[in-house]
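Descriptive analysis of the structure
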Amino acid sequence: MMYAVLCYNNEEMVCGWSKEQDAAVMADLSRVHDKWEAAGKLKPAIRLLPTSAATTLHKQKDLVIDGPYAETKEALLGFYIIDVENLEEGLSFARELGKANPGGAYELRPIQLYLPGSPTDGVYSQGVMQDHAPAGSR
Amino acid sequence: MTDQVWIENALTTSRPQAVAALLRYFRDLDAAEEAYQEACLRALRNWTINGPPRDPTAWLIMVGRNAALDAVRKRSKQAPMPDEAQVSDLEDVETPMVERLDHSQYRDDVLRLMFICCHPDLPATQQIALALRIVSGLTVKQIARAFLVGEAAMEQRITRAKAKVADAGVAFETPGAVERSERLAAVMQMVYLVFNEGYSAGPKDDARADLADEAIRLGRLLLRMFQTEPEVMGLLALMLLQHSRSEARFDAQGETVLLEDQDRSLWRGMLIQEGLALIDKALRHKKTGVYLVQAAIAAMHARAKRFEDTDWASIDALYATLERLQPSPVVTLNRAVAVSKTRGPQAALDMIEPLAERLSAYFHFHGARGWLLLLLDRRREARESFDRAIGLANTAAEAAHIRMHIDRLIAESEKSKGA
């Protein structure tokens, strides 16, 4: 079973960490990451930029608003990771999606740190094919 | 992260909003600060025992206000307010409190608090000192160390600034749109001054360098309050992009490393990502401003993988925009550096020669002029400019950098004599 683990915390406080505090937390986290990644169970891990860097597209009115999606009635139902030239291109992608699936909103939040994690099954079996390595050796 | 560190972080983070809200209740800076101090003391006791509250800022505001009101009641022998141990257990007491302090009220509170520090009667040094003390909550000792003055002198400087501000009176009514934007402009300038104090610090001057981090923290706070202001995005982006190079700006000997010689792998990618994202957002508003344009210039450097990849034509165009928005000989001087790359050193020199009189006491003018003359192989005049520059250097690192040019000139002229 695959899960998305969504991380919540007090943003002002996390942004207020000193470089040293931040590095210490990241070092502690990476020990946990390494263990689960080695077991092949940790997939991409992402640290998002602060909500102040976010832009939200409200689909029905095609309204672009600075800041995160702030309504509380809707639930987070999914997300995409995209690699585009700039915010405008990201918004074009979101608008296309919105035409296919109107209603609700897309929040575009830049990614600060992207850790690919252990390969997914598809990539893993491809790797086995190329490497001719015995299964379970990775 | 230990509880103690968590609590300290929470207190630092909550401070601007909490002091600002308390200032609205008490309409007196000292009273607001005292109430906040008292709330912090109680937080240290209470949070270690009962765990942190859901909204530390709201907790501090309520407890600070109650503590101050209690002090008044005690003097008039009335029944005290409920104590905070009870308060923090009652989530339903916190919730309406948070709702009452809605976003726009917080925003005007914090803006007012910051604006007080930017009073036009205060010289820039006092504005910065007052903001660091009141908004950021740095101790007088920390501020004194950053400004290389004694603690007593700094205490006096802050007390004097506070007195001047109190005399001037503070407008407590909700500001109108025009006044809000004037306040915001003054506050942005003050935040950038704080940043520049940190940015201009030498390599081993950690106390002063920390001011850059503090300014970024204030910039983030402002942006949270004014999420749709492109200039606030520009200001934060500018600071993030400049700060991203902090570890590449000095070599092991503490000497300045020019942009072209910096090891770009030392630039902090996370800060760059955030800066670039903010510029993208701001550009959507199609409204230029001085911070946004400067941020866009910094972004041109951040985007170049190597110095040779720098898009000087765009930088030239951005400086031309900046000259229009904010005409200044210093901006023209900076533009000339870009022009020297696109149209050559002679064009750049022609551009800055008319500035000679106005910038005669400006270190960077003589440094840049000397460098352009050197490129044109006018060594004697270059040497004269470098000599002028070294006499005007503000930091040891600046002087050392010019010294390097002069030494090279001397070495080359001796070599040619020997040959």
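What you see is a predicted model, and the numbers here were worked out from it, not measured in a lab. (Residues numbered from 1 in each chain as written. Chains lettered and ligands numbered in written order. Predicted model: local features only at pLDDT ≥ 70, side-chain atom pairs only at ≥ 80, totals over all residues. Heavy atoms only, no water.)

1. Considering the pattern of salt bridges
All names here are of chain B. Applying the stated criterion across every chain, the model contains 31 salt bridges over all chains. The residue Asp316 makes a salt bridge to Arg335 at a minimum N-O spacing of 2.6 Å. One end of the pair, Asp316, is in helix H15 (residues 312–325); the other, Arg335, is in helix H16 (residues 329–342), with 19 residues separating them in the sequence. Overall, the relative accessible area of 10% leaves Asp316 in the buried class. Across the pair Asp387 and Arg383 runs a salt bridge whose closest N-O atoms are separated by 3.3 Å. Taken as a pair, Asp387 and Arg383 lie in helix H19 (residues 379–392) at a separation of 4 residues, close to a single helical turn. (Salt bridge = Lys/Arg side-chain N within 4 Å of Asp/Glu carboxyl O. Helix = DSSP H or I, 4+ residues; strand = E, 2+ residues; numbered from the N terminus. Buried < 20%, exposed > 50% of the residue type's maximum accessible area, 1.4 Å probe, protein only.)

2. Here we look at the nonpolar core
Residue and element names in this part refer to chain B. In terms of nonpolar packing, the biggest core is built from 105 residues, with Leu60, Met114, Val191, Leu222 and Met239 touching the most fellow members. Looking at this core element by element, the count peaks at 10 residues for helix H14 (residues 290–303). Setting aside its immediate chain neighbours within four residues, Met114 contacts Val135, Val187, Met190, Val191, Leu218 and Leu222. (Core = buried A, V, L, I, M, F, W, Y, C linked by side-chain atoms within 4.5 Å. Contact = heavy atoms within 4.5 Å.)

3. Observations concerning unusual backbone geometry
All names here are of chain B. In this structure, Leu148 takes a positive phi of about 55 degrees despite not being glycine. Inspection of the secondary structure puts Leu148 in the loop between helix H8 (140–146) and helix H9 (151–168). The exposed category is assigned to Leu148, whose relative accessible area is 66%. We note that Asp377 has phi near 65 degrees; this positive angle belongs to a residue other than glycine. Mapped onto the secondary structure, Asp377 falls in the loop between helix H18 (363–375) and H19.

4. Remarks on the side chain of B:Ser385
With respect to the helices, strands and loops of the structure, B:Ser385 is situated in helix H19. Apart from residues no more than four positions distant in its own chain, B:Ser385 is found in contact with B:His366, B:Arg369, B:Gly370 and B:Leu373.

5. Description of the packing of aromatic side chains
All names here are of chain B. Taken as a whole and assessed by the stated rule, the structure comprises 8 aromatic pairs over all chains. Look at Trp47 and Trp59: their rings are 5.2 Å apart centre to centre, the planes differ by 70 degrees, and that puts the pair in the edge-to-face class. Here the residue Trp47 occupies a position in helix H2 (residues 29–50), and Trp59 occupies one in helix H3 (residues 56–75), the gap between them amounting to 12 residues. For the pair shown, Trp47 and Trp59 are each scored as buried. Their ring planes at 80 degrees and their centres at 5.7 Å tell us that Tyr192 and Tyr291 sit as a pair that is edge-to-face. Taken together, the residues Tyr192 in helix H10 (residues 177–199) and Tyr291 in helix H14 connect sequence positions 99 residues apart. You'll find Tyr192 and Tyr291 in the same group, each marked buried. Among the aromatic residues, those joined into a cluster by ring pairs are Tyr192, Phe195, Tyr199 and Tyr291. Positioned above the aromatic ring of Tyr25 is the side chain of Arg24, whose terminal nitrogen or guanidinium carbon lies 5.5 Å from the ring centre. Sitting over the face of the ring of Tyr199, Arg249 holds its NZ or CZ atom 3.7 Å from the ring centroid. (Phe/Tyr/Trp six-rings, centres within 6.5 Å; stacked < 30°, edge-to-face > 60°. Lys NZ or Arg CZ within 6 Å of the ring centre and 35° of its normal.)

6. Let's talk about the environment of B:Thr12
Residue and element names in this part refer to chain B. Examined against the element boundaries, Thr12 turns out to sit in helix H1 (residues 3–26). In this structure Thr12 comes out as partly exposed when scored by relative accessible area, which is 32%. Spatially, the C-alpha atoms of Thr12 and Val293 are 31 Å apart, while their sequence positions differ by 281 residues. In this structure the side chain of Thr12 is engaged in a polar contact, spanning 2.8 Å, whose partner is the backbone oxygen of Glu8. (Polar contact = N/O pair within 3.5 Å; in protein donor to acceptor, adjacent residues only side chain to side chain.)

7. Notes on the environment of B:Gly176
Residue and element names in this part refer to chain B. Mapped onto the secondary structure, Gly176 falls in the loop between H9 and H10. With a relative accessible area of 37%, Gly176 lands in the partly exposed category. C-alpha separation for the pair Gly176 and Arg208, spaced 32 residues apart in sequence, amounts to 36 Å.

8. Quick look at the interface of chain A and chain B
Across the contact, 26 residues belong to chain A and 25 residues belong to chain B. In total, about 2300 Å² of surface goes out of reach between chain A and chain B, with carbon and sulfur atoms giving 56% of it. When the buried surface of chain A facing chain B is broken down by residue, A:Glu12, A:Met13 and A:Asp66 rank first, second and third, together holding 30% of it. Taken together, the connections running from chain A to chain B amount to 4 salt bridges. With a shortest N-O distance of 3.6 Å, A:Glu12 and B:Arg224 are connected by a salt bridge. Where chain A touches chain B, the interface holds 6 residue pairs in polar contact (both at pLDDT 80 or more). Among the elements of the structure, helix H1 (11–16), helix H2 (19–38), strand E3 (63–66), helix H3 (87–100) and strand E5 (111–115) of chain A are those that each provide at least two residues to the side of chain A that touches chain B. (Buried area = accessible area lost by both parts, 1.4 Å probe.)

9. With respect to the packing of helix H7 (residues 124–134) of chain B against H9(B)
All names here are of chain B. Where H7 contacts H9, the two axes come as close as 9 Å, and the packing angle between them is 95 degrees. Looking at the two axes, H7 sits roughly perpendicular to H9. Contacts between H7 and H9 pair Thr125, Gln126, Ala129, Leu130, Arg133 and Ile134 from the former with Met154, Arg157, Ile158, Ala161, Lys162, Lys164 and Val165 from the latter. (Axes fitted to C-alpha atoms, helices over the stretch in contact; angles between N-to-C directions. Parallel < 35°, antiparallel > 145°, perpendicular 65-115°, else oblique.)

10. Quick look at the sheet that holds strand E2 (residues 55–58) of chain A
What links the strands of a sheet is backbone hydrogen bonding, and the strands pair in either a parallel or an antiparallel sense. Residues and elements named next belong to chain A. Ordered in space as E3-E2-E4, the 3 strands form an open sheet in which the pairing is antiparallel. Edge positions in the open sheet fall to E3 and strand E4 (105–108), since each of these has one partner strand only. Each strand of the sheet is rotated relative to its neighbour by a mean of 20 degrees, with strand direction disregarded. Inspection of the sheet shows E2 paired to E3 by 4 bridges, in the antiparallel sense. Bridge assignment links Thr55 to a residue of E3, and that residue is Asp66. Against the sheet, H3 makes contact with E2, E3 and E4, and its axis sits at roughly 160 degrees relative to E4, the strand it touches most. (Pairing = 2+ DSSP bridges.)

11. Points about H1(B)
Along H1(B), the helix axis deviates most sharply at B:Arg15, where the bend reaches about 50 degrees; the proline B:Pro16 sits within four residues downstream. The positive-phi residue at the C-terminal boundary of H1(B) is B:Arg27, with phi of around 55 degrees. (Bend = angle between axes of the 7 residues up to and from the residue.)

12. Some details on the confidence of the model for chain A
Residue and element names in this part refer to chain A. Within chain A, residue pLDDT values average 86, and 87% of them lie at 70 or more. At the low end of the mean pLDDT range in chain A sits helix H4 (residues 121–131), at 47; at the high end sits E4, at 97. Within the model, pLDDT remains below 50 along residues 123–138, and this stretch shows 9 contacts once partners closer than five positions in the same chain are excluded. (pLDDT = per-residue confidence, 0-100.)

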